Amino acid sequence: MADLRLMLPELILFAWAMMMLMYGVIRKNVGGNTMIYLAMLGVVITGFSIPMTGYGIAFGGTFFVDKVSVFFKMIFLGAAFFAAASSSSLLEKLKSDHGEYFTLILLSTVGMMFLISTNELITLYVALELTTIPLFVLAAYRKDSLQSSEAGLKYLILGAVSSAILLYGISMIYGLTGTTFINLAFGRLLEQSLGMLTLTQEVNMAFIIAMIMLIAGFGFKLALVPFHMWAPDVYEGAPTPVTSFLSVASKGAGVAAFARLFYSALPSFGEFYWGIMVGTLAAAAMIIGNITAVLQSNVKRMLAYSSIAHAGYLLIGFVSLPTTVNDTPFGPASIMFYMLAYLFANMGAFACAIAFEKNYGSYEIKDYQGLAKESPALALTFTIFLLSLAGIPPMVGFFAKYYIFLAGWPNYSWLVIVGILTSVISLYYYANIVKQMYFNRNETVLAKAHFDSPLVITLVLTVAGTILFGIFPESVIKFANNAFDAFPF
Amino acid sequence: MELAIFLMASALSIAASILVIIQRNPIASVMYLLTSFVSQVILFIMLNAAFLAMLQIIVYAGAILVLFLFVIMLLNLRREDFGKDIKLKFKPLAIAFAVVLLFETTVAISSSAMLERAQAQLPPEFGSVQAVGMELFTKYLYPFELTSILLIVAVLGAVVMAKKRL
């Protein structure tokens, strides 16, 4: 029982998802936002249950709760909350408000919560599948749209391939060590090399290939360059609330699991290979993501490429996992803070794109001309999110980038320089939208925008988060730093 | 003797797997897939993994491939639907990468500690139904239960995708 108590939030969310499925079956298809509010309520209840469980290990070490997992669970729940809240115009288009859509979002969130709470490779794999399989379905949810079906199919095939690569890597680690528990596995690798901190040549080679497999598998899930080719098509084709969920929650889950795995692996992996491999991926993601984003004319595609670039920034925090600032490890804390900033800014930016599409029926950047004159509120909120994504103070995005660069500077200053330079490029395409909204005149007068109430909740909360955490970042970064004391548990 | 059986079974498995992907007729593909699975069963038996071998026959060869055949029959494909070979732009590059990867993994595995572990003496009950069951329902109980949620998601997703109007 004590074991199950630790799992309470996951169980509540799972039960809520099942309940919404049942309720959707018995309920008549009446429209309105009832199901949206139900989904939001379920997420909020789950969020409140998280602090009640406490910390600990359960089920023989396959499940545990530590501060890092609690933090990331909150991020995933936040993303699910905002994604559900911005779904009303999608449901209108589908002419259906059955529960399956929300059940899938909630179950994917459950998968992410399991994913961040484990240290064992089989559980990690099952949880990862539980996270991505609902997302395949959600990406193809607009069955009337060919683009959406294409997105779902592409995501499914590449997801399956990347899972196969990941599994191959996992099987090699098991073959080398005889255990699937991450800490034990890497501990045994160290023992095999007779207590030396570098591995013997033989173990090293198979181990490095296993690690490359894992990096490639996670690289696909995170859409890192050069494994990113699927991302823009999927992000553009999927329904927009799903895209926002994909870009924040699934990326967060991938980064968190990746960091958890590799933090244990680091001592036996050797600093050299590690830094070169992941650092190169980070630099490629930042450069290619940002430069390609400049060329886009569609808001969703632009945000897709910018999210590839953001994954690159996250990786800077990630290569500097063992870096310490004032004797406290700072890499993980900077990743956690970056995810928080990215949650508010990116969910908000997508919500703005949804609001714009609902009123003016377009995702093209050129159609944003003169928006500030007709709906100043929408233009202002969108501006706030874009500036936060670009990293302009006092928005939270500024501190996120600052902490990431601070963590990376001691050992990876070349990466930080690449990061700063590409941030400047990113400012160009973010500011381009702001310019379209404020300074370009439109001949045809846009109608005044109307919002539905769940979308307003999303926009208000994300704006509040973006500004408040930008003004008071200390409490979060302090929590993140303390969380790290017990990071690998 | 053992080596001869191993070589035959693995060569058959590799050849059948290649045939699966270069066949244009889906029925023939499924049949080659079956051949590949059966030759893998021989490998599993040689590795003392009796339970896995049974599962492979019952679940994969028995249930899943029959489902494949049913789906292909329902699609009612004709010979002209099979289509032409797809021209892949990066085919030479992909083949080169695959060969390099094959070479690397061969070298890495053949020189690693995995071989020593493989040559170690196994406990007598290794691979039996009881041994697998004990592992599955004690140490791996939680991921095992987690797969039930995964199955719900898969069923739900399939229904959502297949049904015209929900």
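As the structure is a computational prediction, the values presented were derived from the model and not from experiment. (Residues numbered from 1 in each chain as written. Chains lettered and ligands numbered in written order. Predicted model: local features only at pLDDT ≥ 70, side-chain atom pairs only at ≥ 80, totals over all residues. Heavy atoms only, no water.)

**Let's talk about the overall build of chain A**
Right, on to step 1. Helices and strands together make up the secondary structure of chain A, namely 21 helices and 4 strands.
Right, on to step 2. The dimensions of chain A, computed from C-alpha atoms along their principal axes, are 75 × 55 × 40 Å.
Right, on to step 3. Taking all 489 residues of chain A together, 66% fall into the buried category.
Right, on to step 4. In chain A, 80% of the contacts between residues at least 6 apart in sequence involve partners at least 24 apart.
Right, on to step 5. Only carbon and sulfur atoms are counted for the fraction: they give 70% of the accessible area of chain A, which is about 16,800 Å².
Right, on to step 6. Looking at charge distribution, chain A has the averaged site of its 24 positive side-chain charges lying 7 Å from that of its 24 negative ones. (Helix = DSSP H or I, 4+ residues; strand = E, 2+ residues; numbered from the N terminus. Buried < 20%, exposed > 50% of the residue type's maximum accessible area, 1.4 Å probe, protein only. Contact = heavy atoms within 4.5 Å. Areas by Shrake-Rupley, 256 points an atom, 1.4 Å probe, with all protein chains shown as cover. Lys, Arg positive; Asp, Glu negative; His and termini not counted. Charge placed at Lys NZ, Arg CZ, Asp CG, Glu CD.)

**What to know about the interface of chain A and chain B**
Right, on to step 1. Opposite the 42 residues of chain A that make contact, chain B presents 29 residues.
Right, on to step 2. For the pair chain A and chain B, the summed buried surface comes to about 3,100 Å²; carbon and sulfur atoms form 79% of the total.
Right, on to step 3. When the buried surface of chain A facing chain B is broken down by residue, V126, L130 and K143 of chain A rank first, second and third, together holding 16% of it.
Right, on to step 4. Where chain A packs against chain B, one counts 0 salt bridges.
Right, on to step 5. Counting across the interface, chain A meets chain B through 3 residue pairs in polar contact (both at pLDDT 80 or more).
Right, on to step 6. In terms of residue count, the dominant contributor to the side of chain A that touches chain B is helix α7 (residues 121–139) of chain A (9 residues).
Right, on to step 7. Looking at side-chain class alone, the side of chain A that touches chain B contains 27 nonpolar, 9 polar and 6 charged residues. (Buried area = accessible area lost by both parts, 1.4 Å probe. Salt bridge = Lys/Arg side-chain N within 4 Å of Asp/Glu carboxyl O. Polar contact = N/O pair within 3.5 Å; in protein donor to acceptor, adjacent residues only side chain to side chain. Nonpolar A, V, L, I, M, F, W, Y, C, P; charged D, E, K, R; others polar.)

**Description of the layout of surface pockets**
Right, on to step 1. There is about 1,100 Å³ of room inside the second largest pocket.
Right, on to step 2. If you trace the second largest pocket, you find 20 residues lining it, with V161, I165 and F220 of chain A together with A94 and F97 of chain B closest to the centre.
Right, on to step 3. Of all the secondary-structure elements, those providing two or more residues to the lining of the second largest pocket are α8 (146–177) and α10 (201–222) of chain A together with α4 (91–110) of chain B.
Right, on to step 4. Sort the elements by how many residues they give to the lining of the second largest pocket and α4 of chain B lands first, with 7 residues.
Right, on to step 5. In the lining of the second largest pocket, the residues fall into 18 nonpolar, no polar and 2 charged. (1 Å grid on protein atoms, 1.4 Å probe; cavity = no way out; pocket = protein on both sides within 12 Å on 5 of 7 lines; lining within 4 Å. Points joined across faces, edges and corners; volume = space filled by probe spheres on them.)

**A short note on empty space enclosed by the protein**
Residue and element names in this part refer to chain A.
Right, on to step 1. Considering all chains together, one arrives at 4 cavities of 30 Å³ or more under this definition.
Right, on to step 2. A volume near 80 Å³ is recorded for the largest cavity.
Right, on to step 3. Considering the residues around the largest cavity, the lining is formed by H310, Y338, A341, Y342, A345, S388, L389, G391, G397, A400 and K401.
Right, on to step 4. It is helix α15 (residues 331–360) that contributes the most residues to the lining of the largest cavity, 4 residues altogether.
Right, on to step 5. Taken together, the residues of the lining of the largest cavity break down into 6 nonpolar, 4 polar and 1 charged.

**Points about the packing of helix α14 (residues 299–319) of chain A against α15 of chain A**
Residues and elements named next belong to chain A.
Right, on to step 1. At a minimum axis separation of 9 Å, α14 and α15 run at an interaxial angle of 175°. Considering the angle they form, α14 stands roughly antiparallel to α15. Where α14 approaches α15, its residues V299, K300, L303, S307, H310, Y313, L314, G317 and F318 are matched on the opposing element by G331, S334, I335, Y338, M339, Y342, N346, A349, F350 and A353.
Right, on to step 2. Classifying every residue of the contact of α14 with α15 by side-chain character gives 12 nonpolar, 6 polar and 1 charged. (Axes fitted to C-alpha atoms, helices over the stretch in contact; angles between N-to-C directions. Parallel < 35°, antiparallel > 145°, perpendicular 65-115°, else oblique.)

**Some words on the confidence of the model for chain B**
Note that predicted coordinates carrying low pLDDT should not be read in detail.
Right, on to step 1. When pLDDT is averaged along chain B, the result is 85, and 89% of the positions lie at 70 or above.
Right, on to step 2. Per the prediction output, this complex has pTM 0.91; the corresponding ipTM is 0.88. (pLDDT = per-residue confidence, 0-100.)

**So, the nonpolar core**
Right, on to step 1. With 197 residues, the main nonpolar core has F114 and F318 of chain A as its most contacted residues.
Right, on to step 2. Considering every element that reaches this core, the biggest residue donor is α15 of chain A, with 22 residues.
Right, on to step 3. In contact with F114 of chain A, not counting residues within four places along its chain, are M7, E10, F63, A127 and L130 of chain A together with Y142, L146 and I149 of chain B. (Core = buried A, V, L, I, M, F, W, Y, C linked by side-chain atoms within 4.5 Å.)

**Here we look at the packing of aromatic side chains**
Residues and elements named next belong to chain A.
Right, on to step 1. As enumerated under the stated definition, the model contains 32 aromatic pairs over all chains in all.
Right, on to step 2. With a centroid separation of 6.3 Å and an interplanar angle of 10°, the aromatic rings of F398 and Y402 are classed as stacked. One end of the pair, F398, and the other, Y402, are both in helix α18 (residues 396–408), 4 residues apart, so they sit about a helical turn from each other.
Right, on to step 3. Their ring planes at 50° and their centres at 6.5 Å tell us that Y438 and F439 sit as a pair that is tilted.
Right, on to step 4. Exposure remark for Y438: the relative accessible area of 34% places this residue in the partly exposed category.
Right, on to step 5. These aromatic residues form a ring-pair network of at least three members: F337, F398, F399, Y402 and Y403.
Right, on to step 6. We note K300 situated over the ring of Y363; from NZ or CZ to the ring centre the distance is 4.9 Å. (Phe/Tyr/Trp six-rings, centres within 6.5 Å; stacked < 30°, edge-to-face > 60°. Lys NZ or Arg CZ within 6 Å of the ring centre and 35° of its normal.)

**Focus: the side chain of S163 of chain A**
Residue and element names in this part refer to chain A.
Right, on to step 1. When you line up the elements, S163 lands in helix α8.
Right, on to step 2. A polar contact is formed between the side chain of S163 and the side chain of E129, at a distance of 2.6 Å.
Right, on to step 3. Contact partners of S163, with chain neighbours within four places excluded, come to Y125, E129 and K221.

**Things to note about the side chain of S88 of chain A**
Residues and elements named next belong to chain A.
Right, on to step 1. Inspection of the secondary structure assignment puts S88 in helix α5 (residues 88–94).
Right, on to step 2. A distance of 2.8 Å separates polar atoms of two side chains, one belonging to S88 and the other to D452.
Right, on to step 3. Once you skip the residues sitting within four places of it in the chain, S88 turns out to touch N33, I36 and D452.

**What about a nonpolar patch on the surface?**
Residues and elements named next belong to chain B.
Right, on to step 1. Together, V38, L52, M54, L55, I57, I58, V59, Y60 and V129 make up a nonpolar patch on the protein surface, roughly 740 Å² of accessible area in all.
Right, on to step 2. Per-element tally for the nonpolar patch: the top contributor is helix α3 (residues 50–75), with 7 residues.
Right, on to step 3. Topologically, V38 is positioned in helix α2 (residues 26–46). (Patch = residues over 30% accessible without salt bridge, like charges linked within 9 Å, V, L, I, M, F, W, Y side chains within 5 Å.)

**What to know about unusual backbone geometry**
Residues and elements named next belong to chain A.
Right, on to step 1. At the junction of V225 and P226, the peptide bond is cis and its omega measures out at 5° in the coordinates.
Right, on to step 2. Residue position: P226 is located in the loop between α10 and α11 (230–237).
Right, on to step 3. Cis rather than trans, the peptide bond between P393 and P394 has omega equal to 5°.
Right, on to step 4. Position of P394 relative to the elements: it lies in the loop between α17 (376–390) and α18.

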